[in-house]
Amino acid sequence: MNRLEHYWGKYYPQFVVTSYWLLGLTNNFAYVIMLSAAHDILSDQNSNSTDLPKHNSTNRFDCNELSTGAILLADILPGIAIKLVAPFFVHKIKYWKRVVVVILTNSASFLLVSLTPSNLKPLIFLGVMAASFSSSFGEITFLSLSTLYIRTLSITGWASGTGAAGLIGSFGYAALTSLGLSPSSTILLMLFIPVLMALSYIALPTVDFARSRIYSELDTDSEERDKDQTESENNAGSINNGSLKDKFKLLPPLLKFMIPLFLVYFAEYFINQGLFELLYFKNSFIKEHKLQYRWYNVMYQLAVFVSRSSIKWIKIKFLPIFPILQIINIFVFLSHIYLDYFPSIWIVFLLIFWEGLLGGGTRLLVHLIKYQLKYPKM
């Protein structure tokens, strides 16, 4: 640890940014993999089974018997639950204990999904739910921890890392399976992710070290930022100590952010997990249905990464335009599914890229605008 402290002192900004980039990458990786592998997870084909996959071949859609939306629910609902209840108790748990829970549930998700036979669907869904819990609890943990570091370092690394998780995870899964590796073997291979998360947390400067360095890392003319950060931390502390009623009083001012985000994400997940599986082109250069589904996810994650990386050039502040455009996308995809008028899969790729730009841009814009607000005092 003494040797690490020497390097922390010499390369403090680099350690914080890199550690948070890797934490963002590893935290969201399992979540992305489960969504990218949804079509394969629901298929009856498994590396431990000799049965042929069963599809609905009575129409042009070639669907699994169970919609990929089922994977979405398993990958979302536990996360929503933990995000609703965690703010009321999580501050009582030490950070390192929280990180251990995140690493264990992350590992369990890959093991359960990859090693469970395809006929034991409930156990597979339990693995997907473990990924959801790990991702959401990790987000709460690492974002609250980020306030103890210089925010321009930690948040920048986290935002870039989570965006990279979508792109690297979806592309990695699609590429490895396209090269012939089975879906279950590909998911099992991802066990290096929780190991990388543990190493990234160890490399992150400790809280005590960060507190001793935070003021020296700020510019000499940044007294106003010092004051704002101190006030923000004090107010955040008062929020943690406030009553349940006080905390609910904070919700109304946030509705102008929550409603656009909810609508954008509802539309996104409706498209990605409800409609992607129905966008099947039999005469495409990508012949197999499951391969088309995987590369749809890659295109979406590429767009999210591009939008998050380009946010400083986006000047739009009218948040309602994003859910409006995203809902229009739903009707465009639905119209094609019913009328089958897209001549090429490339049109779908372009629309998915547009959808991802809207989704990634909305989330980051909300965060940027929200950071300009002050916590109300209690």
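Here goes a summary of the coordinates provided. (Residues numbered from 1 in each chain as written. Predicted model: local features only at pLDDT ≥ 70, side-chain atom pairs only at ≥ 80, totals over all residues. Heavy atoms only, no water.)

### What about the packing of helix 2 (residues 12-36) against helix 6 (residues 121-146)?
Inference 1: Put simply, helix 2 and helix 6 touch, their axes get as near as 8 Å, and they point 160° apart. On the basis of the axis angle, helix 2 is roughly antiparallel to helix 6. Handedness of the crossing formed by helix 2 with helix 6: left-handed. Within the contact between the two elements, helix 2 uses Tyr20, Leu23, Asn27, Asn28, Ala30, Tyr31 and Met34 and helix 6 uses Val128, Ala131, Ser134, Ser135, Gly138, Glu139, Phe142, Leu145 and Ser146.
Inference 2: Looking at the contact of helix 2 with helix 6 residue by residue, the class counts come to 9 nonpolar, 6 polar and 1 charged. (Axes fitted to C-alpha atoms, helices over the stretch in contact; angles between N-to-C directions. Helix = DSSP H or I, 4+ residues; strand = E, 2+ residues; numbered from the N terminus. Parallel < 35°, antiparallel > 145°, perpendicular 65-115°, else oblique. Left-handed = near helix turned anticlockwise from the far one by under 90°. Contact = heavy atoms within 4.5 Å. Nonpolar A, V, L, I, M, F, W, Y, C, P; charged D, E, K, R; others polar.)

### Quick look at the nonpolar core
Inference 1: Among the nonpolar cores identified, the biggest contains 46 residues, and Ile41, Phe110, Tyr296, Phe333 and Val348 are the most heavily contacted of them.
Inference 2: Examining the composition of this core, we find that 6 residues originate from one element, helix 2, more than from any other.
Inference 3: When neighbours within four sequence positions are excluded, Tyr296 is seen to be in contact with Phe276, Leu279, Phe281, Ile345, Val348, Phe349 and Ile352.
Inference 4: Core analysis: the next-biggest nonpolar cluster, separate from the first, contains 24 residues, Tyr12, Ile103, Ile150 and Trp158 among them. (Core = buried A, V, L, I, M, F, W, Y, C linked by side-chain atoms within 4.5 Å. Buried < 20%, exposed > 50% of the residue type's maximum accessible area, 1.4 Å probe, protein only.)

### Some remarks on the side chain of Asn297
Inference 1: Looking at the element boundaries, Asn297 is found in helix 14 (residues 289-309).
Inference 2: Overall, Asn297 belongs to the buried group, its relative accessible area being 3%.
Inference 3: Residues within four places of Asn297 in sequence aside, it is in contact with Leu35, Ser36, Ser170, Gln273 and Phe276.

### A look at unusual backbone geometry
For residues besides glycine, phi is generally negative; the peptide bonds are generally trans as well.
Inference 1: Positive phi values are uncommon outside glycine, yet Asp340 reaches one of about 55°.
Inference 2: We classify Asp340 as partly exposed; its relative accessible area is 43%.

### Comments concerning the side chain of Ser170
Inference 1: Here Ser170 is to be found in helix 7 (residues 151-178).
Inference 2: Owing to a relative accessible area of 1%, Ser170 belongs among the buried residues under this scheme.
Inference 3: Beyond its immediate stretch of four places on either side in the chain, Ser170 contacts Val32, Ser36, Ala165, Asn297, Val298 and Gln301.

### Some points on helix 6
Inference 1: Over its 26 residues, helix 6 runs 37 Å from end to end, which matches the ideal 38 Å to within 8%, given 1.5 Å per residue.
Inference 2: Counted residue by residue, helix 6 has 19 buried out of 26 residues, so it is predominantly covered. (Expected span 1.5 Å × (residues − 1).)

### So, the environment of Met129
Inference 1: With respect to the helices and strands, Met129 occurs in helix 6.
Inference 2: Judged by relative accessible area, Met129 falls into the partly exposed class, the value being 37%.
Inference 3: Taking the C-alpha atoms as reference, Met129 lies 7.9 Å from Leu77; in sequence the two are 52 residues apart.
Inference 4: Every residue in contact with Met129, bar those within four places of it in the chain, is listed here: Ala74 and Pro78.

### A few points about the pattern of salt bridges
Inference 1: Summed over the entire model, instances satisfying the criterion amount to 3 salt bridges.
Inference 2: Here Asp40 ties to Arg294 by a salt bridge, and the two come within 2.9 Å at their closest N and O atoms. Linking Asp40 in helix 3 (residues 38-42) with Arg294 in helix 14, this pair joins segments that are 254 residues apart in sequence.
Inference 3: Linking Lys290 and Glu288 is a salt bridge whose minimum nitrogen-to-oxygen distance equals 3.7 Å.
Inference 4: Judged by its relative accessible area of 23%, Lys290 falls in the partly exposed class. (Salt bridge = Lys/Arg side-chain N within 4 Å of Asp/Glu carboxyl O.)

### Some thoughts on the packing of aromatic side chains
Ring pairs (aromatic) are described by centroid distance and by the angle formed between their planes.
Inference 1: Taken as a whole, this structure holds 14 aromatic pairs when the rule is applied.
Inference 2: For the ring pair Phe262 and Phe266, a centre distance of 6.3 Å and an interplane angle of 25° mean the geometry is stacked. A residue pair is termed a helical-turn pair when its members lie 3 or 4 positions apart in one helix, as Phe262 and Phe266 do in helix 13 (residues 251-275) at 4 residues.
Inference 3: Overall, the relative accessible area of 58% leaves Phe262 in the exposed class.
Inference 4: Aromatic rings pair up to connect Phe276, Phe285, Tyr293, Tyr296, Trp346 and Phe349 into one cluster. (Phe/Tyr/Trp six-rings, centres within 6.5 Å; stacked < 30°, edge-to-face > 60°.)

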